[in-house]
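Analysis of the macromolecular model
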Amino acid sequence: MSVPVLSAQNIGKSYGSGANRFDALKGVSLDIQAGESVAIVGKSGSGKSTLMHLLALLDDPDSGTLLVEGTDARKLRGKEVNRLRNQDFGFVFQQFFLTANATVLDNVVLPLKIAGVPPRERKARGMAALEQLELADKAKNKAINLSGGQKQRAVIARALVNNPKVIFADEPTGNLDTATGAVVEDILFALNKDKGITLIIVTHDIELAARCDRQIFIRDGLEDTTESGAPRKRHAGAHAGAHA
Amino acid sequence: MKFIDIVKTAIANSFRSKLRTGLTVIAIFIGAFTLTITSGIGTGVTSYIDTQVSAIGAADVLTVSKSADSTSSTTDGPAAYDPTKATTVSLGNGSRPGTTIQALTAKDLTKIEKTPGILGVDPSVRVTPDYIEYDGKGKFEIIVNATATLTKADLAAGSQLSNASTTDQILLPTTYLKNLGFTNAKAAVGQTVSIGITDYTGAQQEVKATVVGVQNETILGVGAGLNQALTDTLHAIEVTGAPAGATDSYATATAHFDVASTPAEITTIKDDLAKQGYASQTVADQIGSFQTVINVIIGVLNSFAVIALIAAGFGIINTLLMSVQERTREIGLMKAMGMNGGRVYTLFSTEAVFIGFLGSALGALAAVGVGSLVSNILANGVFSALPGLQVVQFAPSSIAIIIGVVMLIAFLAGTLPARAAARQNPIDALRYE
Ligand SMILES: Nc1ncnc2c1ncn2[C@@H]1O[C@H](COP(=O)(O)OP(=O)(O)OP(=O)(O)O)[C@@H](O)[C@H]1O
Ligand SMILES: [Mg+2]
């Protein structure tokens, strides 16, 4: 079997210290293969976002080891971590984090700007990403003037503008109505199937979780293996095979 | 992120909160404005003095007087009266009315002359002629410029006075020309004027002198300049008929030394004279002390401006700390997207430097505008009697230095907030409410 894109080995994370210390994650192990779609499911406060931040190298685990394509994340230099965050990972934040007064296009091309891509190419790639999400006509609008669903799509456009290998999506449909939610879901799965982008989705939505190849259930900072079902994996495998 | 993008983003960010940036810019503006004006006054006054005495005429001359210390010290009180010592100087021998100066006597002059390095010594005499007349066109009062033989004049026409010459030479100020009956400066050069002077007995005599040049009025003394020959002639008349001993004491004397002397040799001569109880100054010393006073005044003004700038520096710190706080999430987002800490730091310090640049450039620009305007008004008004005096002058280099220094202060002020921004952990920053 090929080296997993991300491999967590018994990773833990706690917040605060002393009496206020809270173990948000108590040792979770998982492997994510390239091209997979994985749902992280669990109750509120169970540690899903914490796990996702650790996987995306946005935070450091307190215990355990995280391997990125076989390399220990702790051994990566700052420059390499920044390259991974910028080029290989796309992150869809639950709260959008769009710069309110900047245009939609400017928001979407931010990762390219950070990468040092020249303006002309930035614009072309930004527009291509917006077109993919049917937002091209809103490119010049200020981000603050978008509807909720449009903001969600703008954030996805920003996550994929750099052609990442992995997209992390934290509750991508959490604050959308069912119809718009379905559109966003379709876009994400199309990226997974057509471009082979690895999807890691945190969600409360059982149906969205079911569309993924695999589900990882988190309860109180630990993986709940009674529900993280292998049968689903088989089912997902067949599903993926049908599309290959 | 490319540097050009950082600069563009920093500039755009500083305009996001226009009021806050505006207020900080005003604080810097005030400091930079003051600093530019004071440095402009410094440049203007210094360059005026420089043109006035550009090439110091007599680099080989020391003005010698008796030092007060030799007769009374501050701790011992006044020295015991010595009837043989010349204590006061009669008017006409170089003293100021109302002052008591320890006079130089003939004995002192020989002592000074014997000092190693001194080639010769002349007592300084101040002559007071009654009138000047040209070609019978009317008699006018004449004021003698006492420093004329020591400095090189700012000539309007003709040439400098020659102290080596035995002919009686006079240098007229431009302001005398019209009354005396000259059409212009050139016309006066080479003409002969008559100077009237009263001798000790009260009889008036007349002396002829050649106009060698015409000078623009200077701040180091107004009036006509006389060469040594003419001064001697006039002095000889003034003391004609005086009882012996009434005129042989002088306030100061002019001692000559080798023009090729090094500064160290000049210092040795001055130290030697000081040991014998004589204070001595070269022309450069005299002008130097004048410039020192001006420099001190400008220094005080500059320090006020610098205080204003330091206060403005805290304004920058405050402005940036607020904008770092306001943009905490944005910083978190940029870091989550792979922007490194160094770039975040550069982004915020560029913003500080830009605010500094904006304030200082506007301040310097306004100062140049206001300064030039005021300077022109003064030059045509209060200072119209001093042709060539532009009180405020701006040297591009000093303006560039001021802007540069302000930008440096801004950069230093920005370090603290920029560090705070650069150190943030992306997730903590994104969680910030
Ligand atoms: N910075 C922090 N300081 C202290 N506690 C924290 C911090 N971040 C998270 N926690 C705690 O860690 C636990 C896990 O948080 P996390 O955000 O991972 O939950 P989640 O599973 O994503 O929940 P939700 O579904 O509501 O988003 C929670 O109890 C939360 O209160
Ligand atoms: Mg969460």
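Structure: see above.
Quick summary incoming for the structure in this document. (Residues numbered from 1 in each chain as written. Chains lettered and ligands numbered in written order. Predicted model: local features only at pLDDT ≥ 70, side-chain atom pairs only at ≥ 80, totals over all residues. Heavy atoms only, no water.)

**Description of the nonpolar core**
All names here are of chain A. For the record, the criterion: Residues enter a nonpolar core if they are buried and are Ala, Val, Leu, Ile, Met, Phe, Trp, Tyr or Cys, with the set joined through side-chain atoms within 4.5 Å. Note on exposure labels: buried denotes an accessible area under 20% of the residue type's maximum, exposed denotes more than 50%, and partly exposed covers the range between, all computed with a 1.4 Å probe on protein chains only. Should any heavy atoms of two residues lie within 4.5 Å, those residues are counted as being in contact.
Within the largest apolar cluster, 52 residues are counted, with the highest numbers of intra-cluster contacts made by L51, L55, L57 and F168. In this view, L51 contacts I11, L25, V28, L30, I40 and I218; residues no more than four positions away in its chain are not counted. Judged by nonpolar contacts, the second largest core, of 40 residues, contains V92, F96, I187 and A209.

**Some points on the interface of chain B and chain A**
In plain terms, the rule: Buried area adds together the accessible area that both of two parts lose upon being put together, with accessible area traced by a 1.4 Å probe. In what follows, salt bridge is the name for a side-chain nitrogen of Lys or Arg lying within 4 Å of a carboxyl oxygen of Asp or Glu. Any pair of nitrogen or oxygen atoms within 3.5 Å is treated as a polar contact; in protein, a donor-acceptor pairing is required on top of that, and neighbouring residues in sequence qualify only through side-chain atoms on both sides. Put simply, Ala, Val, Leu, Ile, Met, Phe, Trp, Tyr, Cys and Pro go in the nonpolar bin, Asp, Glu, Lys and Arg in the charged bin, and everything else, Gly too, in the polar bin.
Of the residues lining the interface, 20 residues belong to chain B; the matching set on chain A comes to 19 residues. In total, about 1,800 Å² of surface goes out of reach between chain B and chain A, with carbon and sulfur atoms giving 61% of it. Taking the shortest distance from any N to any O, the salt bridge between A:R122 and B:D5 comes out at 2.7 Å. Our enumeration of links across chain B and chain A arrives at seven residue pairs in polar contact (both at pLDDT 80 or more). The residue inventory of the side of chain B that touches chain A, partitioned by class, reads nine nonpolar, four polar and seven charged.

**A look at the site of ligand 1**
We count it as follows: If a single non-hydrogen atom of a residue is within 4 Å of a molecule or strand, that residue counts as near it. Here the Shrake-Rupley method, with its probe set to 1.4 Å, supplies the accessible areas, and only the displayed protein chains count as covering residues. In DSSP terms, a helix is any run of H or I states spanning at least four residues, a strand is any run of E spanning at least two, and both are numbered starting from the N terminus.
Residues in contact with ligand 1 amount to 14 residues; listed here are only the nearest, A:S44, A:G45, A:K48, A:S49 and A:T50. Neighbouring residues of ligand 1 are not confined to a single chain but are spread across chains A and B. Between ligand 1 and the protein, one listed contact pairs an oxygen atom with a side-chain N or O atom of A:K48 at 2.6 Å. For ligand 1, whose free accessible area comes to 630 Å², the fraction covered by protein is 68%. Elements that contribute at least two residues to the shell around ligand 1 include exactly strand 2 (22-32) and helix 1 (48-55) of chain A. Here the element with the most residues in the shell around ligand 1 is helix 1 of chain A; it accounts for three residues. Grouping the constituent residues of the shell around ligand 1 by class yields three nonpolar, seven polar and four charged.

**Focus on the side chain of B:S360**
Secondary-structure assignment places B:S360 in helix 10 (residues 341-380). The residues contacting B:S360, other than those within four sequence positions of it, are B:I28, B:A32, B:I403 and B:V406.

**Notes on the packing of helix 8 (residues 283-326) of chain B against helix 11 (residues 396-422) of chain B**
All names here are of chain B. The following threshold applies: Inter-axis angles, ranging from 0 to 180 degrees, are taken between N-to-C directions of lines fitted to C-alpha atoms, where helices are fitted over the stretch in contact. Oblique is the label for any angle not under 35 degrees, not over 145, and not in the 65 to 115 range, which are roughly parallel, roughly antiparallel and roughly perpendicular in turn. Each crossing gets its hand from how the near helix is turned against the far one by less than a right angle, where anticlockwise is left-handed and clockwise is right-handed.
Helix 11 packs onto helix 8 with a crossing angle of 30° between their chain directions and a minimal axis gap of 9 Å. Taken together, the axis directions place helix 8 and helix 11 in an arrangement best described as roughly parallel. The interaxial crossing formed by helix 8 with helix 11 has right-handed handedness. Contact with helix 8, carried on its side by L309, G313, I316, I317, L320, L321 and V324, involves V406, I409, A410, A413, G414, L416, P417 and A421 of helix 11 and no other residues of that element. Looking at side-chain class alone, the contact of helix 8 with helix 11 contains 13 nonpolar, two polar and no charged residues.

**Quick notes on the sheet that holds strand 13 (residues 278-282) of chain B**
Residue and element names in this part refer to chain B. The condition that has to hold: In short, DSSP must find at least two bridges between two strands for them to pair.
Reading across from one edge, 3-12-1-13 is the order of the four strands in this open sheet, with antiparallel pairing throughout. Of all the strands in the sheet, just strand 3 (118-123) and strand 13 have a single pairing partner and so form its edges. Each strand of the sheet is rotated relative to its neighbour by a mean of 30°, with strand direction disregarded. Here helix 7 (residues 263-275) sits on the sheet in contact with strand 1 (61-66), strand 3, strand 12 (253-257) and strand 13, set at roughly 155° to strand 13.

**Regarding helix 1 (residues 3-14) of chain B**
Structurally, the α-helix is built with 3.6 residues per turn, so residues lying three or four positions apart point the same way. Residue and element names in this part refer to chain B. In plain terms, the rule: Multiplying 1.5 Å by the helix residue count minus one yields the expected span of that helix. Taking the helix axis as origin, the arc is that swept by the directions to the C-beta atoms.
The end-to-end C-alpha separation of helix 1 is 16 Å, in line with the 16 Å expected for 12 residues at 1.5 Å each. Within helix 1, burial applies to D5, I6, T9, A10, N13 and S14. Around the axis of helix 1, the buried residues are gathered within 160° of arc, so they sit on the same side. Across from the buried face of helix 1, at angles greater than 90 degrees, the exposed residues are I4 and K8.

**So, the sheet that holds strand 7 (residues 166-170) of chain A**
Residue and element names in this part refer to chain A. Across the sheet, six strands lie side by side as 6-7-8-3-9-10; this open sheet has mixed pairing. At either margin of the open sheet sits one strand with a lone partner, and together these are strand 6 (89-92) and strand 10 (222-223). In terms of strand pairing, strand 7 meets strand 8 (residues 198-203) through five bridges, oriented parallel. Residue pairing across strands places D170 opposite V202, the latter belonging to strand 8. Running at roughly 65° to strand 6, helix 2 (residues 78-88) makes contact with strand 6 and strand 7 of the sheet. Strand contacts of helix 7 (residues 178-195): strand 3 (37-42), strand 7 and strand 8, with the helix running at about 155° to strand 8, the strand carrying the most contacts.

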